Amino acid sequence: MQPSCSTTASDHQACLVCGADAHGIHFQVNSCRACAAFFRRAVEGGKVYKCRRATNNCDVSKDTAHHCRLCRFEKCKKIGMSFNNNPIKHKERPKSQSRTSPRKSPLASPSNSAIVDAEEVVFEDHKLKCKAEDLIVQIKDILLNHRSVNPAPDLNGVQLSPMQTLVHSYNSMVPGGKPERIEFVHAVDIRQTMHFFKEMMKRTAVWMMSCQEFAALPMDDKWKIYVNFWPHMYNVERASRTIEYLGTDVSQRVLFTDTVAIDLHNYELIIPNMSPEKQKEMRLLSKPHDEATISQFFVPVRDLNMTTFEVVYLCSQLMWSVKKVKGLAENTYKTASRMLDRIGNELHNYYVYDMRRENYAPRLAKIMRLMSETECLYRDRKNAMLTADVFGIFNTDLHDSELMT
């Protein structure tokens, strides 16, 4: 069971649920004992509530005599309360639904392919043209917004810490949250691959912009940091979502998109207009990288059983580790150094107060080792793409663009 409270970080602040005096940080937010106890009972008991007034907008402040339990629970979720560091989803149960209705399996039966309606891509002269320049414009448009493009909810004037903000943004990355059904497929179309890949790159920019300190940087510096960071965010996010959605058997199934999974050891990549011989060569070339992704990254992430807070900490470390990024403003390097100190302090408080883990150094060392692993995977991927290009097998305009360092 997750220890819930840190009493040193929120003295004299109000409960973000009801406005009463907060006792401490419960379930990662400032709250009173009563609201924390209510949230724990609701989650552990799998409670299903209905709105007292059928408005879904009841007053749940401390001055209200009888709280609507549904609206109170929704408020707990809105401010970011999480149980065992997993955000809680809650929906009213339809009247026709039985409490004992069996749940559908989260993984659908295998199908032959997963080809969705995606934007057109052109494959000619061994190069996949996927409108990389349009993608760059879209990402820069996101980074030009100096305000958070995915703001945390209104918390009665209380400002969230950088890690709290980034955890909230991470939990909001997948539209609609965790899907109810995942389809397991044996073949994927390159158009779907590029469509989701580009979507993840835009989501990464949105996540970064949720950090006020990053959003306030000069645009040129934001772009350089983004280009340095996005491939690693992709690796970390896909590994953590795979384990969250599919369980711990990452040796067989890997989350390919939000709703599609594949066996990374045995799948077919369909590339229109590419000969079967070239597709086979491409598969053989990418296989060592796929196997390394599983053994060197997904499996260690699984073995650590990382919490959402730890996943976001790793992403934040990767984002703000900019010493090797050339040409940043001096103030940007100083900001990055301050942010690494701040998120490090937040992680310390998280381990000591939330996790009740005094000796966390061995675990932290394993998490930090993942930083070097994702950097190695990125270099291996670049080398594989370079080899494929040299031998006239495959390349994309994305890999030839300014998005790749």
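Whatever comes next refers back to the structure up there.
Residues numbered from 1 in each chain as written. Predicted model: local features only at pLDDT ≥ 70, side-chain atom pairs only at ≥ 80, totals over all residues. Heavy atoms only, no water.

Attention shifts here to the overall build of the protein chain. Looking only at helices and strands, the protein chain has 11 helices and 13 strands in total. Counting across all 405 residues of the protein chain, residues that qualify as buried make up 50%. Counting only contacts in the protein chain whose residues sit at least 6 apart along the sequence, the fraction spanning at least 24 positions is 73%. Within the structure as shown, the protein chain displays about 20,200 Å² of accessible surface, and the carbon and sulfur contribution to it stands at 49%. (Helix = DSSP H or I, 4+ residues; strand = E, 2+ residues; numbered from the N terminus. Buried < 20%, exposed > 50% of the residue type's maximum accessible area, 1.4 Å probe, protein only. Contact = heavy atoms within 4.5 Å. Areas by Shrake-Rupley, 256 points an atom, 1.4 Å probe, with all protein chains shown as cover.)

Attention now goes to the environment of T396. Residue position: T396 is located in strand 13 (residues 395-396). Overall, the relative accessible area of 1% leaves T396 in the buried class. Between the C-alpha atom of T396 and that of F123, which follows or precedes it by 273 residues, the distance is 8.7 Å. Here H399 takes part through its side chain, which lies 2.8 Å from a polar atom of the side chain of T396. (Polar contact = N/O pair within 3.5 Å; in protein donor to acceptor, adjacent residues only side chain to side chain.)

Whether parallel or antiparallel, the strands of a sheet pair through hydrogen bonds between backbone atoms. The mixed open sheet is built from 3 strands, whose spatial order is 6-7-13. Looking along the sheet, the strands with just one partner apiece sit at the ends: strand 6 (122-124) and strand 13. Relative to strand 7 (residues 127-129), strand 6 runs antiparallel, the two being bridged by 3 bridges. What sits directly across from V122, in strand 7, is K129. (Pairing = 2+ DSSP bridges.)

Taken as a class, soluble globular proteins show a tendency for nonpolar side chains to be buried jointly. With 93 residues, the main nonpolar core has W207, Y226, F394 and L403 as its most contacted residues. In terms of residue count, helix 7 (residues 219-246) provides more of this core than any other element does, 11 residues in total. Filtering out sequence-adjacent residues up to four positions away, L403 remains in contact with L135, I136, I139, M201, W223, Y226, V227, W230 and L398. Membership of the second largest hydrophobic core comes to 25 residues, among which are A20, A36, F39 and I79. (Core = buried A, V, L, I, M, F, W, Y, C linked by side-chain atoms within 4.5 Å.)

Between its terminal C-alpha atoms helix 3 (residues 132-143) stretches 17 Å, which fits the 16 Å expected from 12 residues at 1.5 Å a residue. Considered for burial, the residues of helix 3 that qualify are A132, L135, I136, I139, I142 and L143. The buried residues of helix 3 occupy an angular sector of 120° when projected down its axis, which confines them to one face. Packing partners of the buried residues in helix 3 comprise helix 5 (190-209), helix 6 (212-215) and helix 7. (Expected span 1.5 Å × (residues − 1). Arc of directions from axis to C-beta.)

Now for unusual backbone geometry. Look at A54: it is not a glycine, yet its phi comes out positive at around 60°. With respect to the secondary-structure elements, A54 resides in the loop between helix 1 (33-44) and helix 2 (69-78). Exposure remark for A54: the relative accessible area of 70% places this residue in the exposed category.

The next point concerns the side chain of K222. Relative to the helices and strands, K222 resides in helix 7. Buried within the structure, K222 lacks any salt-bridge partner; D220 is the closest side chain of opposite charge, at an N-O distance of 9.9 Å. For K222, the side chain forms a polar contact with the main-chain oxygen of L143, separated by 2.4 Å. (Lys, Arg positive; Asp, Glu negative; His and termini not counted. Salt bridge = Lys/Arg side-chain N within 4 Å of Asp/Glu carboxyl O.)

Within the open sheet, the 3 strands sit side by side as 8-11-10. Their pairing is mixed. Every other strand in the sheet has two partners, leaving strand 8 (183-185) and strand 10 (254-255) as the edge strands with one partner each. When strand 10 meets strand 11 (residues 260-262), the two strands line up antiparallel, connected through 2 bridges. Bridge pairing in strand 11 links V254 to I262.

Further remarks concern the pattern of salt bridges. This model, assessed by the stated rule, comprises 16 salt bridges. Between K127 and D400 there is a salt bridge whose closest N-O contact spans 2.7 Å. In this pair, K127 sits in strand 7 while D400 sits in the segment after strand 13, placing the two residues 273 residues apart along the sequence. Of the residues examined, K127 reaches a relative accessible area of 24% and is grouped as partly exposed. Note on D400: relative accessible area 46%, which makes it partly exposed. The network of salt bridges with shared partners includes E199, R203, E237, R238, R241, E244 and D258.

Fair warning: the whole summary comes from geometry, so function is off the table for now.
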